[in-house]
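Notes for the structure review
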Amino acid sequence: MSVIIILIAISLLVASGFLIAFLWAMKSGQYEDEVTPSIRMLFENEGTTEKKIETTENQNKDLC
């Protein structure tokens with residue numbers, strides 16, 4: 001029976017740790033921008049494809 005009391009105490013300690021971490025994240029502003037992360041993945045490839053095109057053009061110039 002004493003094991004149950006210890007497990008309840010440990011679970012309350014872990015739960016309070018997660019609650020404190022969540023409140024810290026809310027106060028630091030990590031959940032303020034909800035739109036940009038979902039849009040960022042749509043425009044992420046454009047920058048990398050332009051870089052790839054530039055690097056291939058530079059490689060072609062070096063070969064000529």
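Read on for an overview of the structure.

1. Considerations on the overall build of the protein
Across its full length, the protein holds two helices and zero strands. Here the protein holds 64 residues, and 2% of them are scored as buried. Carbon together with sulfur atoms contributes 67% to the accessible area of the protein, which is approximately 6,200 Å² in total.

2. Structural notes on the packing of aromatic side chains
Per the counting criterion, the structure on display carries one aromatic pair. When the centroid spacing of 6.2 Å and the interplanar angle of 45° are considered together, the rings of F22 and Y31 count as tilted.

3. Topic: helix 1 (residues 2-28)
The terminal C-alpha atoms of helix 1, which comprises 27 residues, lie 39 Å apart, in line with the 39 Å expected from a rise of 1.5 Å per residue. In the segment just after helix 1, G29 is the residue with positive phi, at about 90°.

4. Here we look at the environment of S28
Looking at the element boundaries, S28 is found in helix 1. S28 sits in the partly exposed class, given a relative accessible area of 42%. Of the polar contacts made by the side chain of S28, one reaches the backbone oxygen of A25; its length is 3.1 Å.

5. Considerations on the environment of Y31
Assignment of secondary structure puts Y31 in the loop between helix 1 and helix 2 (36-63). Given the relative accessible area of 47%, Y31 is considered partly exposed. Each residue touching Y31, except ones within four places of it in the same chain, is listed here: F22, A25 and M26.

6. Comments concerning a nonpolar patch on the surface
Among the surface-exposed residues, V3, I6, L7, I10, V14 and F18 lie close enough to one another that they form a single nonpolar patch of about 610 Å² accessible area. Locating L7 in the fold gives a position in helix 1. Judged by its relative accessible area of 52%, L7 is exposed.

Reading the values: the criteria
Residues numbered from 1 in each chain as written. Predicted model: local features only at pLDDT ≥ 70, side-chain atom pairs only at ≥ 80, totals over all residues. Heavy atoms only, no water. Helix = DSSP H or I, 4+ residues; strand = E, 2+ residues; numbered from the N terminus. Buried < 20%, exposed > 50% of the residue type's maximum accessible area, 1.4 Å probe, protein only. Areas by Shrake-Rupley, 256 points an atom, 1.4 Å probe, with all protein chains shown as cover. Phe/Tyr/Trp six-rings, centres within 6.5 Å; stacked < 30°, edge-to-face > 60°. Expected span 1.5 Å × (residues − 1). Polar contact = N/O pair within 3.5 Å; in protein donor to acceptor, adjacent residues only side chain to side chain. Contact = heavy atoms within 4.5 Å. Patch = residues over 30% accessible without salt bridge, like charges linked within 9 Å, V, L, I, M, F, W, Y side chains within 5 Å. Salt bridge = Lys/Arg side-chain N within 4 Å of Asp/Glu carboxyl O.

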